[in-house]
Amino acid sequence: MNKKEFAKRRQQLMEIMGPDSIAVLPNASVATRSRDVDYIYRSDSNFHYLSGFDEPESVIVIVPGRPHGEYLLFCRDRNLEKEIWDGYRAGQEGAVDQFGADDSYPISDLDDILPGLMEGKEQVFYTMGNVPPFDQRMVSWLNHLRNASRQGMHSPTEIIELDHCLNELRLFKSSNEIKAMRRAAEISVQAHIRAMQFTQPGKWEYQVEAEIVHEFMKHDCRSPAYPSIVGGGENGCILHYIENNHRLKNNELLLIDAGAEYDYYAADITRTFPINGKFSTSQKALYNIVLDAQKAAIAEVKPGNHWNQPHEAAVQVLTEGLLELGLLKGKLKTLIEKEKYRDFYMHRTGHWLGMDVHDVGDYKIGGEWRMLEPGMVLTVEPGIYIRDPVHLAKKWHFTGIRIEDDVLVTKTGHDVLTQAAPKEVDDIEALMATARH
Ligand code: GLY
Ligand code: MN
Ligand code: MN
């Protein structure tokens, strides 16, 4: 993202906040992997959204209308000794020159400076609970101001959830954001194609994962947007399976749910395909039910429809299909009303997608499902999972199928960002057949 985009976002936030207010947003903490080894650092999504600044131990402060600067960034000092070991720091000069802060202070000065910035403001935009040690500091600054009221200081009267304001902004993607999401989608599509070409009986799930991650990194995505799910056979029934440590068996299906993160934006794709390159009759029957359900759900993604309509369409087609195959018994209407499909389909049909894979934004407003609007991006991902085979014929045992695409709501309907990942039975089989020559 360019500097202008970050400035525009801060401007939008300031318009929501209004005068006499201040926003305080600490960045995510560094997480320990083991002993003195940390996980690779990633900024909190809201923090990156407003600043593009990706160092830990940093705090954004926004004060609309402040004459000496509205956007302040507290960050680490430059420190040659530390930078030799751990890498470059922007320091206060970099925060201003490279990241567009109006002013910047060392993070160690926060206690001295922040209470003064909050003094006299009516509203503090801050989200409790994200960084608990920071919550304690916020409480102590607020207490300090309250106790100092006898000296004529004015303490804020309202704490307003900052995340909620940012979540609403993030739900509607700008053209630059859509560009980044298209790129994340394209790269992820290529990774799924490569996984289909690579897969054979006898390979290990993590070997397929390696192909995917290599494709991501080759195309500038340092990290997947979430741990890749590569589940052969019954592992495909475990919704968040990430062990990826089993050998792939002939005659089973492989479910892959993997998406790249490109410039802080996620893709989220699932494809399910036969490990030996050819669907069996029963696999094909189940697969086509899921595919039809997914297409029916995608058709419901358009302005004027509400959030739950794609899910309702998917449930209808899945239940009809399961009834037709004899996996469910009874009346269609009753099966849907009593949610009998949940034995086979226990999750919902999608979620918002953006900087976080399960992105922010309300799904209901005033107790009603939210209407879909242009600029929103969601996933559509129905599935069928047969885990408990006791009462079912052997041909259905332990099958997990999910098909997931990323869909942008446009003015006239929708645009499937991940359309190029093969999902028709014939297309998958043809691709896998060419890979075997
Ligand atoms: N990859 C997580 C999900 O599909 O929701
Ligand atoms: Mn998803
Ligand atoms: Mn997924």
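Above: the structure in question.
Cut-offs and rules
- Residues numbered from 1 in each chain as written.
- Chains lettered and ligands numbered in written order.
- Predicted model: local features only at pLDDT ≥ 70, side-chain atom pairs only at ≥ 80, totals over all residues.
- Heavy atoms only, no water.
- Salt bridge = Lys/Arg side-chain N within 4 Å of Asp/Glu carboxyl O.
- Helix = DSSP H or I, 4+ residues; strand = E, 2+ residues; numbered from the N terminus.
- Buried < 20%, exposed > 50% of the residue type's maximum accessible area, 1.4 Å probe, protein only.
- Donors = N, O, S within 2.8 Å, 3.2 Å for Na, K, Ca; no water.
- Tetrahedral: all angles 85-135°; square planar, octahedral: opposite > 155°, others 65-115°.

Visitor: Got a minute to help me understand the pattern of salt bridges in this structure?
Guide: Any two side chains of opposite charge can pair, on the condition that their charged atoms come close. Within this structure, the stated rule accounts for 23 salt bridges. Two residues, R170 and D359, come together in a salt bridge whose shortest N-O distance is 2.8 Å. Of the two residues, R170 sits in helix α7 (residues 162-171) while D359 sits in the loop between α12 (332-337) and β15 (364-365), which places them 189 residues apart along the sequence. Residue R170 shares its accessibility class with D359, and that shared class is buried. With a closest N to O distance of 2.7 Å, K295 and E424 form a salt bridge. Taken together, the residues span a long stretch of sequence, with K295 in helix α10 (residues 281-299) and E424 in the loop between β21 (414-416) and α13 (425-435) at a distance of 129 residues. Salt bridges linked by common partners bring R170, K173, D356 and D359 together as one network.

Visitor: Mind showing me how you'd approach the coordination of the manganese ion (ligand 2) here?
Guide: For a metal bound by four donors in tetrahedral geometry, the ideal donor-metal-donor angle is 109.5 degrees, whereas six donors in octahedral geometry ideally sit at 90 or 180 degrees. Coordination sphere of the manganese ion (ligand 2), protein contribution only: D268 (OD), H351 (NE2), E381 (OE) and E404 (OE), at 2.0 to 2.2 Å. Considering all six donor atoms around the manganese ion (ligand 2), angles at the metal cover 50 to 153 degrees and the coordination shape is irregular. Between consecutive donors of the manganese ion (ligand 2), the numbers of intervening residues give the motif D-x82-H-x29-E-x22-E. The metal-metal distance between the manganese ion (ligand 2) and the manganese ion (ligand 3) comes to 3.2 Å, with D268 coordinating both. Note that H351 is positioned in the loop between α12 and β15 and E381 in the loop between β17 (377-380) and β18 (383-386), a separation of 30 residues in sequence. A relative accessible area of 9% places H351 in the buried class.

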